[in-house]
Amino acid sequence: MIILLEGSLKCDRSCKYCYQKILHSQSTSSYDKEAIARVVRFLYKKYRDGIVLHGGEPLLLPLRDIEYFLRLSYELSGKSAICTNGLLINEDHIKLFKKYNTSVSLSIDGFHPQNILRCNKEETRRVLENISILSDENIFVTLMIVAHKLNYNYIPEFIARMSRIVKSFKVNHEGFTSYSISPTILYLLWKKLANMQILPSDISIEPITSFVNSLLGIPDVDCFLTPCDPFCTERAKRVLGNGRIMNCYFVPTQASYTFKPSYKRYYILERRDCRNCKYWNYCYGGCAAYLYHKDKYCYAYYKIFDYLANFLHKRCYFTEVFPNEDTILDFTFQFSGRDSGADFW
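Quantities reported herein were computed from a predicted structural model and do not represent experimental measurements.

The rules behind these values
Residues numbered from 1 in each chain as written. Predicted model: local features only at pLDDT ≥ 70, side-chain atom pairs only at ≥ 80, totals over all residues. Heavy atoms only, no water. Helix = DSSP H or I, 4+ residues; strand = E, 2+ residues; numbered from the N terminus. Expected span 1.5 Å × (residues − 1). Buried < 20%, exposed > 50% of the residue type's maximum accessible area, 1.4 Å probe, protein only. Arc of directions from axis to C-beta. Contact = heavy atoms within 4.5 Å. Axes fitted to C-alpha atoms, helices over the stretch in contact; angles between N-to-C directions. Parallel < 35°, antiparallel > 145°, perpendicular 65-115°, else oblique. Left-handed = near helix turned anticlockwise from the far one by under 90°. Nonpolar A, V, L, I, M, F, W, Y, C, P; charged D, E, K, R; others polar. Core = buried A, V, L, I, M, F, W, Y, C linked by side-chain atoms within 4.5 Å. Polar contact = N/O pair within 3.5 Å; in protein donor to acceptor, adjacent residues only side chain to side chain.

Draft legend 1. Just helix H11 (residues 298-314), in detail. Helix length check: H11, at 17 residues, gives a terminal C-alpha distance of 24 Å against a target of 24 Å (1.5 Å per residue), a fit within 8%. Among the residues making up H11, those that are buried are Ala300, Tyr301, Ile304, Phe305, Leu308, Ala309 and Leu312. Down the axis of H11, the smallest arc covering the buried residues is 155°, so these residues share one side. Against strand S6 (168-173), helix H7 (183-198), helix H8 (208-216) and helix H10 (280-283) lie the buried residues of H11.

Structure (structure tokens):
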């Protein structure tokens, strides 16, 4: 994915768990549209990735600039996308969304008070109203939910109720603040969501869809189920306001995008943290935010893969689950500089 202006814009929220909070205080309204456009055209030609206008809060931009970026994406790919908290949506924005075939990813953690880490009661009501308006206008909406200590037990009910007007949901989890849930609780949440997804349904719930796709060998999976390189995060390329290309903000390296992954993390985890794990070839150690260590939510990944694999086995999608030698990725391991690799295993 090509992510425009992530971490480069101000935000009108101060979400308690926000991973960009420090950047928001440093952000300015200065950006070079032409430089961004040149880089986006280059990246799209090379990768054919989806393009999403991010933030901060992108709806704080002048309307003409929002249209500039949505039009840029539409001219390249025939569609556009935006991530927003949904508070500022108005009629002018909706006209642009319809004009440029925009998918709207809207952040909300539930009804009040489960959404309290993002918005107060009145603001939550306004966001819910805007979701309903977008649905009435036939604009594709994905609700982005962050699972935390105050809402995890209510997320399945929230999705069930919202599924009357929204058919796409993405449940993320944050693991770096005091609001984080444990791996066991995350697994139990995923299990409930899996049961909702497994039933005859017209809704899509990430990351459950990605877990199932991974087990079935379908490449359409979320980034944390790929052999992501922390120095070349191919699934999340950020384009800053000056046109500079950066890696995913979650990874601790925060270096410029290298265009050539080394897969060092892949080989380190394969031989150390994830050695002999039967789900290694489906998970690859989880999110690269943990650099050369496996994801702290490894237990949750393993358990949900076990649960879904057993279900798929009973439905005869496949007979067994263990690393298939025919599909194990064969990467050329490239050390750079003075790295010898000996210190890692």
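Draft legend 2. Looking closely at the packing of helix H2 (residues 33-47) against helix H3 (residues 63-77). Orientation of H2 relative to H3, taken along the N-to-C sense of each, is 20°, at an axis distance of 11 Å. By the angle between their axes, H2 is roughly parallel relative to H3. The chirality of how H2 crosses H3 is right-handed. For the pair formed by H2 and H3, the contact residues are Lys33, Glu34, Ile36, Ala37, Val40, Arg41 and Tyr44 on the first element and Asp65, Tyr68, Phe69, Leu72, Leu76 and Ser77 on the second. A per-class count over the contact of H2 with H3 returns 8 nonpolar, 1 polar and 4 charged.

Draft legend 3. Quick peek at the nonpolar core. With 80 residues, the main nonpolar core has Leu4, Leu106, Leu143, Ile159, Leu193 and Phe211 as its most contacted residues. Apart from residues no more than four positions distant in its own chain, Leu106 is found in contact with Thr84, Asn85, Gly86, Ile89, Val127, Ile131, Leu134, Val141, Thr142, Leu143 and Met144. Judged by nonpolar contacts, the second largest core, of 7 residues, contains Tyr266, Tyr267, Cys274 and Tyr284.

Draft legend 4. Here's a closer look at the side chain of Asn130. Position of Asn130 relative to the elements: it lies in helix H5 (residues 121-136). Judged by its relative accessible area of 8%, Asn130 is buried. There is a polar contact of 2.6 Å between the side chain of Asn130 and the backbone oxygen of Gly86.

Draft legend 5. Seen up close, unusual backbone geometry. The step from Gly55 to Gly56 runs through a cis peptide bond, and the omega angle for that step is 0°. With respect to the secondary-structure elements, Gly56 resides in the loop between strand S2 (51-53) and H3. The omega torsion across His112 and Pro113 is 10°, close enough to zero to call that bond cis. For Arg48, which is not glycine, the phi torsion reads 55° and is therefore positive. With respect to the helices and strands, Arg48 occurs in the loop between H2 and S2. For Arg48, a relative accessible area of 57% puts it in the exposed group.

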